[in-house]
Structure formats: C-alpha cells, structure tokens
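Secondary and tertiary structure notes
Chain by chain, the residues run as shown.
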Amino acid sequence: MSKKNQTLGEFIIENQSSFKYTSGELSRLINSIRLAAKVVNHEVNKAGLVDIIGAVGETNVQGEDQQKLDVYANNKFIQTMTKRNIVCGIASEEEDDFISINSQDENHQNKYVVLIDPLDGSSNIDVNVSVGTIFSVFRRVTPVGTPVKIEDFLQKGNQQVAAGYVVYGTSTMLVYTTGDGVNGFTLNPAIGTFYLSHPDMQFPENGQIYSVNEGNYIHFPQGIKNYIKYCQQEEGDRPYTSRYIGSLVSDFHRNMIKGGIYLYPKSSTNSEGKLRLLYECNPMAFLAEQANGKASDGFTRILDIQPTELHQRVPFICGSKNMVEKAEEFMRNA
Ligand code: AHG
Ligand code: MN
Ligand code: MN
C-alpha cells in the first residue's frame, strides 16, 4: 500500500499492477509527464527573472530565443512524450489540430493518446500567481498499426484511463488518478524528486468556498445567479466565502483540499462557457469523481458528454458533491 514520503517513482512501480492494463506503458507515460513537469517547473520559476534573462521574442545570454511560457510548456510536454514510444497522438490547447506520432519501428504500435493544457492560467504568470498543466489520457479506439484519427481524441471522458494536473504553486505538486483514487506528490526542488504528500485525496462532501468570476454575473443564466445569491445568504453554514484565482488548476486544488465549488457557466457573451471539454473539464471531472466530488455542465455529467470537436467549450460546475448537486437543483428550477 502507498505510504507517505514514498517517491513518485516508487509509487508508480508499486501500483503498476493495479492498473487495468498492466503492460507498463501507462507507467512510462506518467513517468514522462513527471519529467516534463520538472523541466517546465524550472522554467516557470524563472519567469520573474524576465528582465534579467530577456523578454519573450528576445535572445537570451546563451543565444537561445525566449519563448512564451505556454509555448515552451507545450513544446516540452510534446517532446518528452514523443520520444518515449508510448503515445500515438497528442492534442493540445496550443495546437489547432492533433499531432500524430509514429512509434520508433514506424508501425504505429503506441496505444495511448494524450490531451493537454500545457499551461493553464497563463495570464497569471506575470503577477507571480500559480499556474498549472492539465492532462488526460485515453487508449486509442482505432486499430494499433494505423495512424491515429480524430475519433481517438473525441472520446467521452468516462473512457479516460488517467488524468491529472501539475500545479506550479508555492510548492509544485503533481496530482493524478488512474481510476483508483487521487494521489498528490510534492516536488522537493533541491533534489528534483516528487514525494507522496497527499495520499487518497478527497473532496469534503460539503464546503464553504465558491469560486466564480463574478464580474460576469449579469451575463449568467438565471439558475447560476440564484445559486450565487444562495451562497451569499445568511443561513446554516452560509454565507460561503468567495475565492477565485483565475487559474482552474489552483482553484480546483484548493477546493479539493478545503471543500468548495468551482463554476464557469455559459453567459450571454460566452454561449458555450469558456473552458475546454477535452483538456480542461474532462480531466478535472475524472479527478473530481475519483476524489468523491462531482462535475457537471449544470444538467449533465461532464464525463458522459460526447465530444464533437477538439477545442469544444462547455459550462463547468465542479467540486464538493453536495454543493454541485445544489447548483444543479438551481439550474433545473430556474
Ligand atoms: P488558459 O490559461 O489555459 O487559457 O486557461 C485559463 C482558464 C482557467 O484556468 C481559468 O479558470 C479561467 O480561464 C479564467 O477565466 P476568466 O479570466 O474569464 O475568469
Ligand atoms: Mn486552461
Ligand atoms: Mn493554457
């Protein structure tokens, strides 16, 4: 059984046999994400030095071109996963189309596709606020031996085999699930090792935090407006506290630990919502359910939505189970 202070490397080996498919490929995939996360973490931590090492578009002292951090993160995750003969395709927020990856024997033998938001909350970088990486993993549905197709990526979230995020915060953490609970690992930056710090993470069933961009309030559907008013009413354990970082990963992470609800509804200006189903909402919904929480678009379970396009947006309500159910009730009754 998993023990606190175990390294992520040890944890992956120890738990490999509990994966549904035990060929070891998924373990190697998580390992490659672990590696890319460390490299990106190093770069994110230097973001404040931009005046010293050169701004985006300039050439730094080593003669390297400075890239925007989301482009940098995108390239690092893609490079790391491409080289390891595990992944047959990647879809990213930073790429218009999916990327097809051939195996080294050029026979399309790799089985997994990854969908990724390489840097989430990137507008927070310049102000020293936490950002993250979100990833989602599926087995391909088209036959091994052929190039990947769009249908390998347009799978319902309930088919995910793994999902997780990295939060580059006051500490850097990697939090992931392979369908057997959620575990969180904290990076010791001095030696570059992730340690199991948060075994078996669970959303409290009830919480007292609501996270929503209230600047959009007047554009929200009536059900959301009513729910926000409910959060603010004085009764029982209410009013709730409002906390909104504007970095989905960070808002989710805090709510999972403390108990809370995150809402990004559709609005009269954003008819589908803002967040992306495939590489933001699906992985977070899988994590939420694995941690005894819930994720919905207001009416439907996120993981049951059939995607129709790569960069599809969806309204997103996620967090402590009873809070999400209450918000759904307000949506139904509006
Ligand atoms: P990204 O940086 O990957 O584009 O994602 C930003 C997302 C999400 O992290 C955050 O919760 C949300 O956008 C914030 O949006 P608003 O600024 O509209 O509140
Ligand atoms: Mn994002
Ligand atoms: Mn992003």
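Every chain is numbered independently, its residues counted from 1 as its sequence is written. Note on labels: chains are lettered from A, ligands numbered from 1, in written order. Two thresholds apply to this predicted model, a pLDDT of at least 70 for residue-level local features and 80 or more for giving and counting side-chain atom pairs, whereas whole-chain, interface and lining totals are computed over all residues. Excluding hydrogens and water, the side-chain figures rest on all heavy atoms present in the structure.

**A closer look at the pattern of salt bridges**
So the rule is basically this: By salt bridge we mean one thing: a side-chain nitrogen of Lys or Arg within 4 Å of a carboxyl oxygen of Asp or Glu. Throughout, exposure labels follow a simple rule: accessible area from a 1.4 Å probe, protein chains only, divided by the maximum for the residue type, with under 20% read as buried, over 50% as exposed, and the rest as partly exposed.
For the structure on display, the rule yields nine salt bridges. For Arg301, the salt bridge goes to Asp304, with nearest N and O atoms at 3.0 Å. The exposure class assigned to Asp304 is partly exposed, which follows from its relative accessible area of 34%.

**Focus on the nonpolar core**
In summary, soluble globular proteins display a tendency toward joint burial of nonpolar side chains. To keep it simple, the criterion reads: Put simply, buried Ala, Val, Leu, Ile, Met, Phe, Trp, Tyr and Cys residues joined by side-chain atoms within 4.5 Å make one nonpolar core. Helix numbers and strand numbers start at the N terminus; a helix is a DSSP run of H or I with at least 4 residues, a strand a run of E with at least 2. For the domains described, the bounds stem from an automatic or database domain assignment. Contacts are assigned to residue pairs with any non-hydrogen atoms lying within 4.5 Å of each other.
Tyr165, Phe252, Met256, Met284, Ile302 and Phe316 are the most contacted members of the largest nonpolar core, which totals 42 residues. Ranked by residues supplied to this core, first place goes to helix α8 (residues 277–290) with nine residues. Domain assignment of the residues forming this core places at least three in each of domain 1 (8–198) and domain 2 (209–333). Setting aside chain neighbours within four positions, we find Tyr165 in contact with Thr133, Ile134, Phe135, Met173, Leu174, Val175, Val249, Phe252, His253, Met256, Met284 and Leu287. Counting residues in hydrophobic clusters, the runner-up holds 38 residues, among them Leu29, Met81, Leu119 and Leu187.

**Comments concerning the coordination of the manganese ion (ligand 2)**
Worth spelling out the cut-off: Only N, O and S atoms count as donors, using a 2.8 Å limit from the metal and a wider 3.2 Å limit for Na, K and Ca, and since water is excluded some coordination spheres may look unfilled.
Protein-derived coordination of the manganese ion (ligand 2) comes from Asp117 (OD), Asp120 (OD) and Glu280 (OE), at a distance range of 1.8 to 2.2 Å. Here the donor residues for the manganese ion (ligand 2) map to a single chain with the spacing D-x2-D-x159-E. The distance between the manganese ion (ligand 2) and the manganese ion (ligand 3) comes to 3.8 Å, with Asp117 serving as a donor to both metals. Here Asp120, found in strand β3 (residues 112–120), pairs with Glu280, found in helix α8; they are 160 residues apart in sequence, far enough to count as distant. Glu280 matches Asp120 in its accessibility class, with the two residues each being buried.

**Quick look at the packing of helix α1 (residues 8–15) against helix α2 (residues 25–45)**
Applicable threshold: Axes here refer to lines fitted to C-alpha atoms; in helices the fit is confined to the stretch in contact. Angles between the N-to-C directions go from 0 to 180 degrees. For classification, angles of less than 35 degrees are called roughly parallel, those exceeding 145 degrees roughly antiparallel, those between 65 and 115 degrees roughly perpendicular, and all remaining angles oblique. What makes a crossing left-handed is the near helix being turned counterclockwise from the far one by less than a right angle; a clockwise turn instead makes it right-handed. Amino acids are sorted into nonpolar (Ala, Val, Leu, Ile, Met, Phe, Trp, Tyr, Cys and Pro), charged (Asp, Glu, Lys and Arg) and polar (every other residue, Gly among them).
Following both chains from N to C, one finds α1 and α2 inclined at 170 degrees, their axes separated by 10 Å at the closest point. One finds that α1 runs roughly antiparallel with respect to α2. In terms of crossing hand, the pair formed by α1 and α2 is right-handed. On α2, the residues that touch Leu8, Gly9 and Ile12 of α1 are Ser27, Ile30, Asn31 and Arg34. Partitioning the contact of α1 with α2 into residue classes produces three nonpolar, three polar and one charged.

**Things to note about the sheet that holds strand β13 (residues 316–320)**
Under the convention used in this document: Following DSSP output, two strands are said to pair if at least two bridges run between them.
The strand order across the open sheet formed by five strands is β10-β9-β11-β13-β12, and the pairing between neighbours is mixed. Each having just a single partner strand, β10 (241–242) and β12 (293–296) make up the two edges of the open sheet. Along the sheet, α8 makes contact with β12 and β13, crossing β13 at roughly 20 degrees.

**Comments concerning helix α7 (residues 248–258)**
In an α-helix there are 3.6 residues to a turn, and that puts residues three or four apart on one side. With respect to burial, α7 is a largely interior element, nine of its 11 residues being buried. All buried positions along α7 are accounted for by Leu248, Val249, Ser250, Asp251, Phe252, His253, Arg254, Asn255 and Met256. Positive phi shows up at Gly259, right after α7, with a value of about 95 degrees.

**Focus on the packing of α7 against α8**
Two numbers describe a pair of packed helices, the interaxial angle and the distance between the axes. For the pair α7 and α8, the least separation of the axes is 12 Å and the interaxial angle reads 10 degrees. Considering their axes alone, α7 and α8 lie roughly parallel with respect to each other. Note on element contacts: α8 touches α7 through Glu280, Met284, Leu287 and Ala288, opposite Leu248, Val249 and Phe252. Of the residues assigned to the contact of α7 with α8, the class counts are six nonpolar, no polar and one charged.

**Side note on the domain arrangement of the chain**
What counts, and what does not: Accessible-area loss on putting two parts together, using a 1.4 Å probe and summing over both, is the definition of buried area adopted here. Counted as a polar contact is a pair of N or O atoms within 3.5 Å, where, for protein atoms, one must be capable of donating a hydrogen and the other of accepting one, and residues adjacent in sequence contribute only when both atoms are in side chains.
Splitting the chain by domain gives domain 1 (8–198) and domain 2 (209–333). The junction of domain 1 with domain 2 conceals about 2700 Å² of combined surface from both sides, 65% of it contributed by carbon and sulfur atoms. Taken as a group, Ile134, Leu154 and Tyr165 account for 22% of the area that domain 1 buries against domain 2, more than any other trio of residues on that side. For the interface between domain 1 and domain 2, the tally reads zero salt bridges. Where domain 1 meets domain 2, there are 14 residue pairs in polar contact (both at pLDDT 80 or more). Of all the elements in the fold, those that place two or more residues in the side of domain 1 that touches domain 2 are β1 (87–92), β3, β4 (131–139), α5 (150–153), β5 (162–168) and β6 (172–177). Of the residues assigned to the side of domain 1 that touches domain 2, the class counts are 21 nonpolar, 17 polar and eight charged.

**What to know about the site of ligand 1**
What counts, and what does not: It suffices for a single heavy atom of a residue to lie within 4 Å of a molecule or strand for the residue to be listed as near it. Here the open area of atoms and residues is found with the Shrake-Rupley method and a 1.4 Å probe, where only the protein chains shown may cover a residue.
In the vicinity of ligand 1 lie 16 residues, with Asp120, Gly121, Tyr244, Tyr262 and Tyr264 positioned nearest. Asp120 is positioned such that a nitrogen or oxygen atom in its side chain is 2.7 Å from an oxygen atom of ligand 1. The side chain of Tyr262 places a nitrogen or oxygen atom 2.7 Å from an oxygen atom of ligand 1. Relative to its free-state accessible area of 480 Å², ligand 1 is covered by the protein chains to the extent of 80%. Mapped onto the shell around ligand 1, the elements with two or more residues apiece are β3 and β11 (260–264). For the shell around ligand 1, the element with the highest residue contribution is β3, accounting for three residues. Taken together, domain 1 (8–198) and domain 2 (209–333) each give at least three residues to the shell around ligand 1, which thus spans both.

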